[in-house]
2 protein chains.
Amino acid sequence: MTTRTAAQRRAEAKVAYDAFMAACPSRKVFEMLSDKWVGLVLAAVSAGPRRYGELKAEIAGVSPKMLTQTLRTLERSGLVDRTVTASVPVRVDYELTPLGRDLYPLITPLKAWAEANVDAIRAAEQAYDLRTFAREPTGASAATGASAVIGVTAAMGVTAARQ
Amino acid sequence: MTTRTAAQRRAEAKVAYDAFMAACPSRKVFEMLSDKWVGLVLAAVSAGPRRYGELKAEIAGVSPKMLTQTLRTLERSGLVDRTVTASVPVRVDYELTPLGRDLYPLITPLKAWAEANVDAIRAAEQAYDLRTFAREPTGASAATGASAVIGVTAAMGVTAARQ
DNA sequence: CTGGATCCGGTAGGATACTG
DNA sequence: CAGTATCCTACCGGATCCAG
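Just so we're clear, the structure is a prediction, and the values are computed from it rather than from any experiment. (Residues numbered from 1 in each chain as written. Chains lettered and ligands numbered in written order. Predicted model: local features only at pLDDT ≥ 70, side-chain atom pairs only at ≥ 80, totals over all residues. Heavy atoms only, no water.)

So, the overall build of chain A
The helix and strand tally for chain A stands at eight helices and three strands. When the helices and strands of chain A are listed from N to C terminus, the series reads α-α-α-β-α-α-β-β-α-α-α. Taking all 163 residues of chain A together, 40% fall into the buried category. Summing over all exposed atoms, chain A offers an accessible surface of approximately 8,500 Å²; the carbon and sulfur share of this is 58%. (Helix = DSSP H or I, 4+ residues; strand = E, 2+ residues; numbered from the N terminus. Buried < 20%, exposed > 50% of the residue type's maximum accessible area, 1.4 Å probe, protein only. Areas by Shrake-Rupley, 256 points an atom, 1.4 Å probe, with all protein chains shown as cover.)

Have a look at this one:
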């Protein structure tokens, strides 16, 4: 492995990492941060050590597969720490590393912003859809074009409990 | 549509939007922000009005389809403004709306962080891979387990040029 | 020039069942 | 409890052609 030659190091240093470039390693990092579950997992694990089951309960809707995968990625990237306590049954705790704790405060504002601006965005979406589908033949396909309306419906609070 | 009853409004207000809940509309917003291209597009369009072609050039590696799709989503959500100037040929400009300008400063730190911490993360990944594949039978399947090594290799700047 | 429409393969990711 | 293994589908996203 480690195909990084001296020439490559120089090339990388010259451009000083720009995520706008497709092949730049920082792009990979940026895309990791843009992963569907990374933000949520980071947020959940930030409040101190969390066990696997706790995370699964806290992050509603995540499948064991995705949770494990995400945790593995974060562990590999050095953002979370995985501690196995050899007992019966086994106990595994996840917590942020210093690097993760450095990143975390940049994530929360996003989650907070999302929660704070839901209404504004929903209004914008409705306005857009009205504008767009105004002269549509027979309504119907609103969901097709842009999956209109959000679908808050039921299930609200299934997991809200602790955290 | 607008199935939001008074009872629902109350329920929503009570929990005040929590992205940890699967069905919460803020989760949808959060996932939009976690889209692969949203961050980059937002960053690119933040520096003032940009034409479609300019964005395509600036964000290396994005296909016209994905760029259009992302811009549509952002427009629908009220984050970017699309202005069509009826000329020949047509001219289309994209720029941030006030809402988008409000969100933008939360995105850039992420991009900056990614660019700043590439080295730390790459080091962590290498260390992890060494630890993990240390006592593997015959190397070989390194890519299977975790797509080891990053793959910066060549292709650096291939797309920076045109497109 | 902008960008819609269509085809299509790869894979992300969800559900479920099973194991140390 | 903490995952892994398997299956399977939806949709991401690239290529291509077309239209205003």
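Here we look at the pairing of strand β3 (residues 91-96) of chain A
Residue and element names in this part refer to chain A. Sheet topology places strand β1 (residues 50-51) next to β3; two bridges connect them, and they run antiparallel. Counted as the bridge partner of R50 is Y94 from β3. Direction of pairing for strand β2 (residues 80-85) relative to β3: antiparallel, over a ladder of six bridges. Among the inter-strand pairings, V84 is bridged to a residue of β3, identified as V92. As consecutive antiparallel partners, β2 and β3 are separated by five residues. (Pairing = 2+ DSSP bridges.)

Focus: the UniProt feature "domain: HTH hxlR-type" (unreviewed entry) in chain A
Listed under "domain: HTH hxlR-type" (unreviewed entry) in the UniProt record, and renumbered for this structure, are residues 24-122 of chain A. In this annotation, residues 24-122 of chain A is assigned 62% helix and 14% strand; the end-to-end C-alpha distance for the span is 35 Å. (UniProt positions renumbered as here; feature names shortened; annotations may be inferred.)

Examining the protein's contact with DNA strand D
Residues in close proximity to DNA strand D total 14 residues, the closest being T68(A), R82(A), Y94(A), S63(B) and K65(B). Sugar and phosphate atoms constitute 74% of the interface atoms of DNA strand D, taking the interface as everything within 4 Å of the protein. R82(A) is positioned such that a nitrogen or oxygen atom in its side chain is 2.5 Å from a phosphate oxygen of DNA strand D. At a separation of 2.7 Å, a phosphate oxygen of DNA strand D approaches a polar side-chain atom of Y94(A). Those elements giving two or more residues to the surface near DNA strand D turn out to be α4 (52-58), α5 (64-76) and β3 of chain A together with α5 (64-76) of chain B. (Near = heavy atom within 4 Å. Polar contact = N/O pair within 3.5 Å; in protein donor to acceptor, adjacent residues only side chain to side chain.)

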